[in-house]
Amino acid sequence: MALHTVTLSILCLILPILFNQNVDAAAVISIDLGSEWMKVGIVSPGVPMEIVLNKESKRKTPAVVAFRDDVRTFGEDAVTVGVRFPKNSYKYLLDLLGKPYDHPLVQEFRAKFPYYEIVASERGTPEFVHDENTRYSPEELIAQLLAKAKDFAEISHGQQITECVITIPGYFNQAERRAMKEAAALAGLNVLQLINDYTAIAINYGIFRRKEINDTAWQALFFDMGAMSTKAALVEYKTVKIKDKGYVDTVPQLQVLGVGYDRTLGGLEMTLRLREHLIKAWESSGGGDVRASPRAMEKLLREAERLKIVLSANNEHYAQIESLLDDKDFKHLVTRSEFEALCSDLWPRVSGVIQRAVSGWSVGRLVVAGGASRVPAVQNALREVGLEPSRSINADEAATMGAVYRAASLATGYKVASLNVRDAVVLPIQVVFNRHVDGNDKLIKRTLFGPMNSYPQKKVITFNKHTEDFSFNVNYAELDHIPSNELKNIGSLNLSHVVLTGVSEALTKNSGDNVEHKGIKAHFNLDDSGILNLVNVEFVAEKTVTEEEDKDSTLSKIGSTISKLFGSDSELPEKVEDKPEEKAPETENKESAKVNETSTDKQNATETDSKPKPKIVVMKEPIKSEEQILNQLPMTPEQFKNSKTKITILDNVDKKRIERETALNNLEAFVVDVQLKIGMDEYAECGTEEEIEEIRKMCSETSDWLYDDGYDAETEMYEGKLNKLKEKANPIFYKHWEHRERPDAIAAIRNLLNSSKDFLKMSKNFTKESNSERDVFTEVEITVLEKKIEETETWLQKSIEEQKAMKKNEDVKLSVDSIREKMASLDREVKYLLNKMKIWKPKKPIKKEENKTETVVEPEEKEVNENSEVNNDEKDKESDAEVPQIGDADGDDTVEHSEL
């Protein structure tokens, strides 16, 4: 019993630790990395989901990185560098991820931006030649942008960020998705999920409309036109029942039903056509060959982008550029109708994207996102399809906020409202292998993930006819829903080649009586990020055994396990045979009588039931598999290490540069501040003439040094000069501060003295000598407070007189800190008495009557034995009797505690 009680006590202490651990949640971010802009969302403990501001306090940052004079810049600073030095500013990088050098989109990029020098790398991917010693791959440049997004979040929230969710276009293939994860790893980020941008928008739309989601399904079409591409996704919302941890719960679900896209239809294409229109206008005016000047072309591109945005709200606007070429200005009027005519072939492609996404479904709502969708011609194209655009979401931030909601649901330590997300496969995947049939090899194709199959999902493909080592390929297939002009942008349709070895050995090992081969099973997983993984390959067989064989096998396994736990086989006791228990004679007679009463049929049935039943045991044998990537190869460990080292060097250079710039700014600001202050009389009188003159001289020398030789000095030099200047100037600043703050401090201590005197006067009425019924304070306590007040007053008066007799440039006698210490000491004494008054309670008077004696009737004691009983009346009397409390002056009874 005692052991049982102790065990329960221990469990009561352990279970809360096991099941109610408090996990400190770390901040997680979402990064909506587009071709033109980058937005960052964050969720952290105690802070709701929000957009991270950059250093300019803006909610979005240009996705641009630039290098100039060993200085790396991002965002607006990088755009500014790009106007003057276009080759040194890298932008629109997303479409270069995970592609070989000869990919059509890479060649289109080279045509759009001819000033970049792009070559093929060792892996066959494009690389930017920055200078003769430095090259940057798209993964490295995007990694730097992701690291900057991480930096924005860490600076704004003061927490280290390690986990994120990144948005990507839904049409990204396997190589592009792997390349994005490599870039994130280079940036020091753990990717919880690569989420399709339209899915993130749909999440943002659904979480604010949870009340509308029920068991009746409804659809919404999301249209997103960005800088480089256009996407449309049909999404269905409804509630579904999901079994989780043994419980069935009804949760809202988001499922993608259809997707349409156009990789080359976007805002940049409109801007380029508008730039071409401006170039022709410049050339027609005899301005010169502007195409030969990268700087002039970049100016025209920026002006065309500005003009496109203005024409979305105005019918006409002037394009104006100062000093476009050879110090000549450019000005040209452009109308909206001219702009729409330049892009007349683009507008019908909008309806094509919509139709591929809908593909026979009925659409109730059209939700528009993306910056380029604000163009009036795009809105009109959507209306021609029969859909009225709705801007019920933030077109710029919807994907960011949906992705950060997803990040919170995937990260540890956050509890968010459930929303089941089912994305859809855009590029179907199949397995292709050869089978030997009638002496010939036959090519067999099996669909693994078909068009619009939901994911994340696991699939298993079984090879039944193979008895020797073999191989199979994983390819893209069933691409009839993809437009012909988009097929070339997918790249290689062959994903991987898998070779399986050890098949015949596995078959031989698992052969025998009652064994049935179930084939070679390859397990695939299409994860949350849409990346296909070959999990494992195994041979599976089933063996039919009886219960007795299974029991023997089980006992053998148990015995083997016990032998491993407790010692060697030689230490085990001898085998003990199980024997049936001997029954009592009476029991045997009764049972034999029952058996005699049964019929022969029942005896036959019993004999049949007593036979051992067969049982199927599944046997698995792992098969060795080697997977070879056939499309764009990922980085090797050595290549990844080299890229990481390159980025780390850049980070260290930035860190040192920022430290140096901060030290320089601090020194410059302090010199200017000191020069201004010592020119004022109120500061100058706090130091001697020699001290002021020395400080003036130091400031003048430091200022001259900064603008001559010191501009390129090291961080340590700036910090050393700043410390020397502070050693001379800070004592004067301190004296000035003391003289300025002292009057307020003296007024404060005098107020405290006055209030303390009033309290002392009142307290003297609450002593035993003055009022015996209200003896709150003792004479000693009153004397201590009175003495403290007198000491403080004497000290204050004396210190004020001494301080007045001193000059302002002499050491301070009456400091603000000393006044604060005296106030604190006096305040403690007053608060002690105040707290005593709060908890004081009057004593109850004890009344004594001379002629009356109090009689206490003791209850009659009864001896109760083990076998004695107490009747109910006696129990009631005992319960009604008053039980004296512990410490009661009138009670002699004691309370005994019996141990249970």
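Residues numbered from 1 in each chain as written. Predicted model: local features only at pLDDT ≥ 70, side-chain atom pairs only at ≥ 80, totals over all residues. Heavy atoms only, no water.

Enquirer: Tell me what's going on with the overall build of the chain, and back it up with residues and numbers.
Expert: When helices and strands are counted, the chain shows 24 helices and 29 strands. Per-residue burial over the chain gives 42% buried out of 900 residues. Partitioning the intrachain contacts of the chain with sequence separation of at least 6 by distance along the chain shows that 70% fall at a separation of at least 24. Carbon together with sulfur atoms contributes 49% to the accessible area of the chain, which is approximately 52,700 Å² in total. (Helix = DSSP H or I, 4+ residues; strand = E, 2+ residues; numbered from the N terminus. Buried < 20%, exposed > 50% of the residue type's maximum accessible area, 1.4 Å probe, protein only. Contact = heavy atoms within 4.5 Å. Areas by Shrake-Rupley, 256 points an atom, 1.4 Å probe, with all protein chains shown as cover.)

Enquirer: Summarise the UniProt feature "coiled-coil region" (unreviewed entry) in the chain; cite the residues concerned and give the values.
Expert: When the UniProt feature table is mapped onto this chain, "coiled-coil region" (unreviewed entry) is found at residues 809–836. Secondary structure content for residues 809–836 is 75% helix and 0% strand, while the C-alpha to C-alpha distance between its ends is 46 Å. (UniProt positions renumbered as here; feature names shortened; annotations may be inferred.)

Enquirer: I'd love a proper account of the packing of helix α10 (residues 347–358) against helix α11 (residues 376–384), names of residues and values included.
Expert: Orientation of α10 relative to α11, taken along the N-to-C sense of each, is 45°, at an axis distance of 9 Å. In terms of axis orientation, α10 runs oblique to α11. In this structure, α10 meets α11 at a crossing whose hand is right-handed. On α11, the residues that touch W347, V350 and I354 of α10 are A377, V378, A381 and L382. Tallied by class, the residues present in the contact of α10 with α11 amount to seven nonpolar, no polar and no charged. (Axes fitted to C-alpha atoms, helices over the stretch in contact; angles between N-to-C directions. Parallel < 35°, antiparallel > 145°, perpendicular 65-115°, else oblique. Left-handed = near helix turned anticlockwise from the far one by under 90°. Nonpolar A, V, L, I, M, F, W, Y, C, P; charged D, E, K, R; others polar.)

Enquirer: Describe the sheet that holds strand β7 (residues 89–90), and please don't skip the residues or the numbers.
Expert: If you walk across this open sheet you meet the three strands as β6-β5-β7, and the pairing is antiparallel. Each of the sheet's edge strands pairs with one partner strand only, and the pair in question is β6 (71–74) and β7. Each of β5 (65–68), β6 and β7 touches helix α4 (residues 138–157); the most contacted strand, β5, lies at about 105° to it. On the sheet, helix α18 (residues 637–678) packs against β5 and β6 and is oriented at approximately 95° with respect to β6. (Pairing = 2+ DSSP bridges.)

Enquirer: So what's going on with unusual backbone geometry? Which residues, and what values?
Expert: Looking along the chain, the bond that leaves Y455 and enters P456 is cis, with omega of 10°. Topologically, P456 is positioned in the loop between β22 (454–455) and β23 (457–463). Positioned with a positive phi, S359 is a non-glycine residue whose angle comes to about 40°. Mapped onto the elements of the fold, S359 is located in the loop between α10 and β18 (366–369). Notably, M452 is not glycine yet its phi reads approximately 65°, a positive angle.

Enquirer: Please give an account of the packing of α18 against helix α21 (residues 715–763) that cites residues and values.
Expert: The geometry of α18 relative to α21 is characterised by a closest axis approach of 9 Å and an angle of 30° between their N-to-C directions. Comparing their axes, α21 and α18 come out roughly parallel. Classified by chirality, the crossing of α21 by α18 is left-handed. Judged by residue contacts, K656, E659, R660, A663, L664, N666, L667, F670, V671, V674 and K677 of α18 engage T715, Y718, E719, K721, L722, L725, K726, A729, N730 and F733 from α21. Looking at side-chain class alone, the contact of α18 with α21 contains eleven nonpolar, three polar and seven charged residues.

Enquirer: Please provide a residue-by-residue account of the nonpolar core, values included.
Expert: Judged by nonpolar contacts, the single largest core of 133 residues is most densely connected at L33, L146, M180, Y237, F472, I520 and F524. For Y237, the contacting residues outside a window of four places in its chain are A202, Y205, G206, I213, T216, A217, W218, A220, F222, Q253 and L254. Grouped together as the second largest cluster of nonpolar side chains are 44 residues, L221, A281, L324 and W347 included. (Core = buried A, V, L, I, M, F, W, Y, C linked by side-chain atoms within 4.5 Å.)

Enquirer: Break down the environment of A66 for me, citing the residues and quoting the values.
Expert: Mapped onto the fold, A66 is located in strand β5. On the accessibility criterion, A66 (0% relative accessible area) is buried. In the structure, A66 is positioned 24 residues away from Y90 in sequence and 6.1 Å away in space, judged by C-alpha atoms. Contact partners of A66, with chain neighbours within four places excluded, come to V71, R72, T73, A78, V81, N88 and S89.

Enquirer: For the pattern of salt bridges, give the residues involved together with the corresponding values.
Expert: In a structure, side chains of opposite charge can pair up when their charged atoms sit close to one another. This structure, assessed with the given rule, holds 48 salt bridges. As a salt-bridge pair, K55 and D77 come within 2.7 Å of each other at their nearest N and O atoms. Of the two residues, K55 sits in the loop between β3 (47–51) and β4 (61–62) while D77 sits in helix α2 (residues 75–84), which places them 22 residues apart along the sequence. Given the relative accessible area of 60%, K55 is considered exposed. Two residues, E397 and R59, come together in a salt bridge whose shortest N-O distance is 2.6 Å. In this pair, E397 sits in the loop between α11 and α12 (398–410) while R59 sits in the loop between β3 and β4, placing the two residues 338 residues apart along the sequence. Assessed through its relative accessible area of 12%, E397 is described here as buried. Each member of the salt-bridge network shares a partner with another, and the members are R72, D651, D654, R657 and E661. (Salt bridge = Lys/Arg side-chain N within 4 Å of Asp/Glu carboxyl O.)

Enquirer: Break down the pairing of strand β12 (residues 190–196) for me, citing the residues and quoting the values.
Expert: With five of seven residues buried, β12 lies mostly within the body of the structure. Bridge count for strand β11 (residues 163–168) against β12 is six bridges, and the pairing is parallel. Looking at β12, one finds that I166 is bridged to L194. As for the winding sense of the linkage, the β-α-β connection from β11 through helix α5 (residues 174–186) to β12 is right-handed. (Right-handed = clockwise from strand over helix to strand, strands pointing away.)

Enquirer: Give me the lowdown on the sheet that holds strand β21 (residues 440–449), citing residues and values where you can.
Expert: Strands belonging to one sheet form pairs held by backbone hydrogen bonds; the direction of such a pair is parallel or antiparallel. The strand order β21-β20-β24-β25-β29 describes an open sheet built from five strands, whose pairing is antiparallel. Both outer strands of the open sheet, β21 and β29 (624–629), are each paired with one neighbouring strand and no more. Adjacent strand axes in the sheet meet at a mean angle of 25° when their direction is disregarded. Direction of pairing for strand β24 (residues 470–476) relative to strand β25 (residues 494–501): antiparallel, over a ladder of six bridges. Residue F472 lies in a different strand from β25, and its bridge partner there is V498.

Enquirer: Report on the packing of aromatic side chains, specifying residues and quantitative values.
Expert: Applying the stated criterion across every chain yields a total of 27 aromatic pairs. Their ring planes at 10° and their centres at 5.9 Å tell us that F109 and Y116 sit as a pair that is stacked. According to the relative accessible area criterion, F109 is buried, its value standing at 4%. By relative accessible area, which is 6% here, Y116 ends up buried. An aromatic cluster is built from F67, Y90, Y92, F109, F113, Y115, Y116, F128 and Y136, whose rings are joined through pairwise contacts. Note that R365 overlies the ring of W218, its terminal NZ or CZ placed 3.9 Å from the centroid. Over the aromatic face of W705 sits the side chain of K721, whose NZ or CZ is 4.8 Å from the ring centroid. (Phe/Tyr/Trp six-rings, centres within 6.5 Å; stacked < 30°, edge-to-face > 60°. Lys NZ or Arg CZ within 6 Å of the ring centre and 35° of its normal.)

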